[in-house]
Amino acid sequence: ETIRKGEQVEVAVYDFGNGDYDPDVFKDTITSVQQELEDVDVAVSYSTVPENLAAEQKERINFQEPDKMDEFLDTVEDLTKDEDIAVWLAEFDTEFNGVSMSRGDILVDRSGSPMYDANMANHEIGHELGLEHTTYAYDTMSYAPTREAVAYLRPVPYSFESHQNWEQTLSN
């Protein structure tokens, strides 16, 4: 479902980690970057998945087998709170850092750096909002090595290219 101009977007982050991430890093980074886009009001919540449930789901978390990803998403569905976008943060067995499932679910591979993972979530949230990849190196929607390096240090903003793409998305 496409986000319409002026709508509030509810993003919930579900962390399957051991409680070592500061929730404010996620909330602040996602909120500040997403609100750069005109006519987007983002509300971010963050919760740590109970340890027993996290351990139970661990075997289902495997990017290499698509059936396992779907099985994982089906079993954690009851954790959701009717948000627009759910970010599932876990140690996925994958070569990817994150993926948008194009159904309101985002999977982010826990790297050990809360700032990097929040930036990866922002990139995937951009896809959920309808944004494509960009060529500008310092843009949250870029694959450039520059963005990858900076992503560990601070929030990576949307560039002029993403803003233009956003305007086109809103007008469609």
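The structure under discussion appears in the preceding block.
Glancing now at the sheet that holds strand β2 (residues 41-48). Within the open sheet, the five strands sit side by side as β2-β1-β3-β5-β4. Their pairing is mixed. At either end of the open sheet lies a strand with only one pairing partner, and these are β2 and β4 (98-100). In this sheet, neighbouring strand axes are inclined to one another by 15° on average, regardless of whether the strands run parallel or antiparallel. Where strand β3 (residues 85-90) lies against strand β5 (residues 105-109), five bridges are found, and the strand directions are parallel. Counterpart to W88 in the pairing with β5 is L107. In the packing of helix α1 (residues 23-34) onto the sheet, the strands contacted are β1 (8-15), β2 and β3, and the crossing angle to β2 comes to about 160°. Contacts between helix α4 (residues 114-128) and the sheet are confined to β1, β3, β4 and β5, with β5 contributing the most and set at about 155° to the helix.

When the terminal C-alpha atoms of α4 are compared, their 21 Å separation across 15 residues agrees well with the 21 Å that a helix rising 1.5 Å per residue should span. Within α4, 13 of the 15 residues are buried, which leaves the element mostly enclosed by the surrounding structure.

The next thing to look at is the nonpolar core. Counting residues in hydrophobic clusters, the biggest one holds 31 residues, and the most contacted among them are V11, F26, I30, V87 and I125. Secondary-structure elements contributing two or more residues to this core are β1, α1, β2, β3, β5, α4 and α6 (160-171). Top contributing element to this core by residue count: α4, with five residues. Every residue in contact with F26, bar those within four places of it in the chain, is listed here: V13, Y21, Y46, L89, P114, D117 and A118. Within the second largest apolar cluster, 12 residues are counted, among which are A12, L73, V76 and L107.

Calculation criteria
Residues numbered from 1 in each chain as written. Predicted model: local features only at pLDDT ≥ 70, side-chain atom pairs only at ≥ 80, totals over all residues. Heavy atoms only, no water. Pairing = 2+ DSSP bridges. Helix = DSSP H or I, 4+ residues; strand = E, 2+ residues; numbered from the N terminus. Axes fitted to C-alpha atoms, helices over the stretch in contact; angles between N-to-C directions. Contact = heavy atoms within 4.5 Å. Expected span 1.5 Å × (residues − 1). Buried < 20%, exposed > 50% of the residue type's maximum accessible area, 1.4 Å probe, protein only. Core = buried A, V, L, I, M, F, W, Y, C linked by side-chain atoms within 4.5 Å.

These values are about where atoms sit, not about what they do.
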